[in-house]
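Residue-level structure breakdown
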Amino acid sequence: MRYQHILLEPIEAGVVRLTINRPKVLNALNRATLEEIDQALDLLEANKNTRLLLITGAGDKAFVAGADIEEMRQLNSLEAKAFSAFGLGVLRRLENATFPVIALVNGFALGGGCELAMSCDLILASDNSKFGQPEINLGIPPGFGGSQRLTRLVGRPMTLELLYTGRILGAEEAQRFGLVNHIFPQESLMTKGMEMALDIVSKSRTSLQLIKQLVQRGQDLPLDNACIMESDQFGLSFSSPDQTEGMAAFLEKRAPNFN
Ligand code: HXC
């Protein structure tokens, strides 16, 4: 598959890296880039060897500086709504992916870039990264889920402050608000991301899938229903070889060997 705006590279052990590759415009997301991410997800979901996806931006300045303003300015209302809906759908696919997704935020993650990062399961950030939803300065609200995902991640007062002011957060502030899992020096972000990816893919694949579903789907359900879903998934895991192996390994005092 040939891509113009992204790079899709298998690294090792089923870990794949997707790089948004438009460094001249700080990896801004135009429609074509979103389409390529969507196509890449088709490919990754169809390949049973895909274990984990890392998403990052090309260059050392930006993860993604937002949706492409040059392209967006031309849109009429219906086209803007369709663009928003398409982007929302692509980001939702990351949350519903059958494998873990980690954002390696290596610079600006603004607007659609912050929304892309928030759609990933974990965010690892470089020490020079910057997060924010500055759409207010363009005379628009967020359109790829920022108003909703930010509220769920950092709470309503901070979301409203960030959306009202367009204030940009440095990595440490973003981590304090619960947006970022870990901060690393820019030059070691990829290595650290890969270390974490390899640790995760060494675990039970079935459990990873069940855990992702529980956390992603459960958070939008009433607690009773979400807990019933957890019991169901817990029960389901007892028909998987990983449960047999994991418990046997513990009792035999050895490391589990998950296939
Ligand atoms: C298009 C962009 C861009 C963007 C940067 N560029 N961000 N082009 N869309 N989102 C381009 C610039 O025009 C410039 O092109 C080049 O990238 C380098 O950017 P500079 O501004 O010169 O860099 P710098 O001065 O370092 O400032 C970095 C920056 C700034 C603070 C990140 O670029 C910026 O504020 N960008 C826009 C951030 C933003 O508002 N994002 C939200 C977008 S709305 P030239 O040709 O001059 O070299 C959004 C909505 C999502 O995301 C939902 C849609 C439905």
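Report on the accompanying structure.

Parameters and conventions
Residues numbered from 1 in each chain as written. Predicted model: local features only at pLDDT ≥ 70, side-chain atom pairs only at ≥ 80, totals over all residues. Heavy atoms only, no water. Helix = DSSP H or I, 4+ residues; strand = E, 2+ residues; numbered from the N terminus. Rg over C-alpha atoms; globule rule 2.2 N^0.38 Å. Buried < 20%, exposed > 50% of the residue type's maximum accessible area, 1.4 Å probe, protein only. Contact = heavy atoms within 4.5 Å. Areas by Shrake-Rupley, 256 points an atom, 1.4 Å probe, with all protein chains shown as cover. Salt bridge = Lys/Arg side-chain N within 4 Å of Asp/Glu carboxyl O. 1 Å grid on protein atoms, 1.4 Å probe; cavity = no way out; pocket = protein on both sides within 12 Å on 5 of 7 lines; lining within 4 Å. Points joined across faces, edges and corners; volume = space filled by probe spheres on them. Nonpolar A, V, L, I, M, F, W, Y, C, P; charged D, E, K, R; others polar. Near = heavy atom within 4 Å. Polar contact = N/O pair within 3.5 Å; in protein donor to acceptor, adjacent residues only side chain to side chain. Pairing = 2+ DSSP bridges. Right-handed = clockwise from strand over helix to strand, strands pointing away.

If you tally the helices and strands in the chain, you get eleven helices and ten strands. Taken against the 2.2 N^0.38 rule, which gives 18 Å for 259 residues, the C-alpha radius of gyration of the chain at 19 Å falls within 12% of a compact globule. Principal-axis analysis of the C-alpha atoms places the extent of the chain at approximately 60 × 40 × 35 Å. Within the chain, the proportion of its 259 residues that are buried is 45%. Within the chain, contacts between residues separated by at least 24 positions form 67% of all contacts whose residues are at least 6 apart in sequence. As displayed, the chain has an accessible area near 13,500 Å², and 56% of this comes from carbon and sulfur atoms.

The next subject is the pattern of salt bridges. In a structure, side chains of opposite charge can pair up when their charged atoms sit close to one another. Overall, the coordinates contain 16 salt bridges when judged by the stated rule. Two residues, arginine 93 and aspartate 38, come together in a salt bridge whose shortest N-O distance is 2.8 Å. Taken together, the residues span a long stretch of sequence, with arginine 93 in helix H3 (residues 77-95) and aspartate 38 in helix H1 (residues 31-46) at a distance of 55 residues. Using a relative accessible area of 26% as the deciding quantity, one classes arginine 93 as partly exposed. Because the salt bridges share partners, they merge into one network encompassing Asp38, Asp42 and Arg93.

Regions of empty space are outlined by a rolling probe, equal in size to a water molecule, passed over the atoms. Estimates place the volume of the largest pocket at around 660 Å³. Secondary structure elements with two or more residues in the lining of the largest pocket: H3, strand E5 (101-105), helix H4 (112-118), strand E7 (122-126), helix H5 (146-154) and helix H9 (205-218). Among the elements that take part in the lining of the largest pocket, H9 stands out by supplying five residues, more than any other. Classifying every residue of the lining of the largest pocket by side-chain character gives 15 nonpolar, six polar and seven charged. When its volume is computed, the second largest pocket comes out at roughly 410 Å³. For the second largest pocket, the lining is made up of 22 residues, of which Ala67, Met72, Glu135, Ile140 and Pro141 are closest to its centre.

A few words now on the site of the ligand. Around the ligand sit 23 residues in total, of which Lys61, Ala65, Ala67, Ile69 and Gly112 are the nearest. The backbone of lysine 24 places a nitrogen or oxygen atom 3.4 Å from an oxygen atom of the ligand. Glycine 112 is positioned with one of its backbone polar atoms (N or O) 2.8 Å from an oxygen atom of the ligand. For the ligand, the accessible surface in isolation is 1,000 Å², of which the surrounding protein chains cover 63%.

Among the six residues that make up strand E2 (residues 15-20), six are buried, leaving the element largely enclosed by the rest of the structure. Judged by which residues are buried, E2 turns out to be covered on both faces: Val15, Arg17 and Thr19 on one side and Val16, Leu18 and Ile20 on the other are all buried. Linking two consecutive strands that pair antiparallel, namely strand E1 (residues 6-12) and E2, is a turn of two residues; a positive phi of about 55 degrees is found at alanine 13 within it. Of the strand pairs in this sheet, E2 and strand E3 (residues 52-57) are connected by six bridges, and their pairing is parallel. Bridging across to E3, arginine 17 finds its partner in leucine 54. Crossover handedness for the path E2 to H1 to E3: right-handed.

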